[in-house]
Amino acid sequence: MPMSLSFAERLQPALPQIVEAFGTPFHVYDEAGMVEGGRRLNQLFAAVPGFREYYAVKALPNLRILEILRRELGFGFDCSSIPELQMARSLGAGPDDIMFSSNNTSPAEYAEALGNGGCILNLDDITFIDKVPLMPELICFRYNPGNRRTGNAIIGKPEEAKYGLRHDQIIDAYRLALERGASRFGLHTMVVSNERNYEYMVATIEMLFGICKEVTEATGIRFEFINIGGGIGIPYRPEQEPFDLAGLAEKAAILFEAFWRETGYTPRLLMECGRAITGPHGVLVTRVLNVMSKYRDYVGVDACMSSLMRPAMYDAYHHITAVGRDGREKRGVSGVVDVVGSLCENNDKFAQQRELPAVEDGDYLLIQDTGAHGLAMGFQYNGRLRPKELLFHRDGSIELIRRAETLDDYLRTQTNFEPRTLKLGEG
């Protein structure tokens, strides 16, 4: 969706000064928008027992952003790798503040996750029970409902996904965990991504409560929490409606009350949104390098897929505005252009056949909704390096929170190591 009016009114007048100080391209994040959105989430779900958001670190793995979410909003962290977990710990997150939800995980990773204070361990496969070096007191399993429920395009069909335990495995998993010494339990699932129909998430809660009852009847255990994952979407296109967060919170409270009346206990509700928290509050600022006419008209900019790969990977839409050019005559007969980077790949495009105001070399484009899965998915192919990140503070100041990569960074793993050669066949 178009960036918030508040952010636009603060960012665009300051853009010349920001660009002069930092250069382009860069992602800039709105602290006010993130904090206000997070507070609204906490307020809406205050009526749901033990609600807590575990922010998905993979969405925007920047220490400065994570520190704000923890300090201002009390969020925990959903981590899918050891580096993400170490980032969370470096900010003072304790074992109850970290959900470790990895997949295809090695025993060494489990040992690292459970060391140094531990975490909430979310196991992705029944065989992993015997690969955990020491079964923790609290354990969680990720449930994959298979064809009982349909995923959406980003995750795909659950029965084709690599995540989670099948329905016929779930009871056995909890029995095995009990045998290995676990005494506290959670249940997790995530079957959608960027979903804007809140009823889908309501159905997820109903599904998890059904599994809770099945497992309790078979094993006698009670669940401390259910985790409905992330997956709450944002309206990337101007015509799309936002996710009805209030509707989800209201129906969740009703479902939890009903579960308590039926079972005599109430688990906590956990969530691990990333996109919904930071996604709408980031903008990629990039400068027009070349306006070109081939078989199509092209606007070439100084950012590329290494800055934002969602359009190339998912054919995803990101709204684009031309700073100071709205209302001008369109470029070309149709006013339709492809917005492209400099990578030697034809899918290095931020937009295809998009109507834009006429632009010239040196103009600036704002590629919006890059606050989640933007720079985090970057790479170094073609030697096109990842850009800097800035934070637009509530007091109006601009902070550099990640510098741009350099040639030295690119070459470091080729030049900065202890030389080693193995001669095969020698003892």
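Note: the structure precedes this text.
Residues numbered from 1 in each chain as written. Predicted model: local features only at pLDDT ≥ 70, side-chain atom pairs only at ≥ 80, totals over all residues. Heavy atoms only, no water.

**Q** Now, about the overall build of the protein: what can you tell me, with residues and values included?
**A** When its secondary structure is counted, the protein shows 11 helices and 17 strands. In terms of C-alpha radius of gyration, the protein reaches 23 Å, essentially the compact-globule figure of 22 Å for 427 residues. Overall, the C-alpha framework of the protein stretches about 70 × 70 × 45 Å when taken along its three principal axes. When burial is assessed residue by residue, the protein has 52% of its 427 residues classed as buried. Intrachain contacts of the protein at a sequence separation of at least 6 include 70% that bridge at least 24 residues. Surface summary for the protein: the accessible area is close to 19300 Å², and the carbon and sulfur share equals 48%. (Helix = DSSP H or I, 4+ residues; strand = E, 2+ residues; numbered from the N terminus. Rg over C-alpha atoms; globule rule 2.2 N^0.38 Å. Buried < 20%, exposed > 50% of the residue type's maximum accessible area, 1.4 Å probe, protein only. Contact = heavy atoms within 4.5 Å. Areas by Shrake-Rupley, 256 points an atom, 1.4 Å probe, with all protein chains shown as cover.)

**Q** Residues and numbers for the packing of aromatic side chains, please.
**A** Inspection of every chain in the model, using the stated rule, returns nine aromatic pairs. When the centroid spacing of 4.2 Å and the interplanar angle of 15° are considered together, the rings of phenylalanine 209 and phenylalanine 259 count as stacked. Separated by 50 residues along the polypeptide, phenylalanine 209 in helix α7 (residues 198-219) and phenylalanine 259 in helix α8 (residues 245-263) bring together distant segments of the chain. The same class applies to phenylalanine 209 as to phenylalanine 259, namely buried. The residue whose ring lies beneath arginine 10 is phenylalanine 392, and the NZ or CZ to ring-centre distance is 5.5 Å. (Phe/Tyr/Trp six-rings, centres within 6.5 Å; stacked < 30°, edge-to-face > 60°. Lys NZ or Arg CZ within 6 Å of the ring centre and 35° of its normal.)

**Q** Can you explain the pairing of strand β17 (residues 398-402)? Please cite residues and give values.
**A** By the bridge criterion, four bridges tie strand β16 (residues 388-392) to β17 in an arrangement that is antiparallel. Paired with leucine 391 across the strands is glutamate 399, a residue of β17. Connecting β16 to the next strand, β17, in antiparallel fashion are five residues, including glycine 396 with a positive phi near 90°. (Pairing = 2+ DSSP bridges.)

**Q** How would you sum up the packing of helix α2 (residues 31-44) against α8? Please name residues and give values.
**A** Where α2 contacts α8, the axes come no closer than 9 Å and their chain directions differ by 25°. Accordingly, the angle class assigned to the pair α2 and α8 is roughly parallel. Regarding α2 and α8, the two cross each other, and that crossing is right-handed. Facing α2, whose interface residues are Arg40, Leu41 and Leu44, α8 presents Leu245, Ala246 and Ala249. A per-class count over the contact of α2 with α8 returns five nonpolar, no polar and one charged. (Axes fitted to C-alpha atoms, helices over the stretch in contact; angles between N-to-C directions. Parallel < 35°, antiparallel > 145°, perpendicular 65-115°, else oblique. Left-handed = near helix turned anticlockwise from the far one by under 90°. Nonpolar A, V, L, I, M, F, W, Y, C, P; charged D, E, K, R; others polar.)

**Q** So what about empty space enclosed by the protein? Which residues, and what values?
**A** All chains considered together, the criterion is met by two cavities of 30 Å³ or more. When its volume is computed, the largest cavity comes out at roughly 60 Å³. Every residue lining the largest cavity is counted, 11 residues in all, and those nearest its centre are Arg142, Asn144, Tyr163, Met190 and Val191. The residue inventory of the lining of the largest cavity, partitioned by class, reads seven nonpolar, three polar and one charged. In this model, the second largest cavity occupies a volume close to 30 Å³. Forming the boundary of the second largest cavity are Ser101, Ser102, Asn122, Leu123, Asp124, Arg142 and His188. Classifying every residue of the lining of the second largest cavity gives one nonpolar, four polar and two charged. (1 Å grid on protein atoms, 1.4 Å probe; cavity = no way out; pocket = protein on both sides within 12 Å on 5 of 7 lines; lining within 4 Å. Points joined across faces, edges and corners; volume = space filled by probe spheres on them.)

**Q** An account of α2 is requested, with residue identities and associated values reported.
**A** The terminal C-alpha atoms of α2 lie 20 Å apart, and with 14 residues this matches the ideal 20 Å at 1.5 Å per residue to within 8%. Buried residues of α2: Glu31, Ala32, Gly33, Met34, Val35, Gly38 and Leu41, and no others. (Expected span 1.5 Å × (residues − 1).)

**Q** Go over the environment of methionine 271, please, and point to the residues and values.
**A** Among the secondary structure elements, methionine 271 is positioned in strand β9 (residues 268-271). Residue methionine 271 is classed as buried on the basis of its relative accessible area of 1%. It is 5.9 Å that separates the C-alpha atoms of methionine 271 and tyrosine 54, two residues lying 217 residues apart in sequence. With residues up to four places along the chain from it excluded, the contact list for methionine 271 reads Leu41, Phe45, Phe51, Arg52, Glu53, Tyr54, Asn227, Ile228, Gly229, Ile232 and Leu248.

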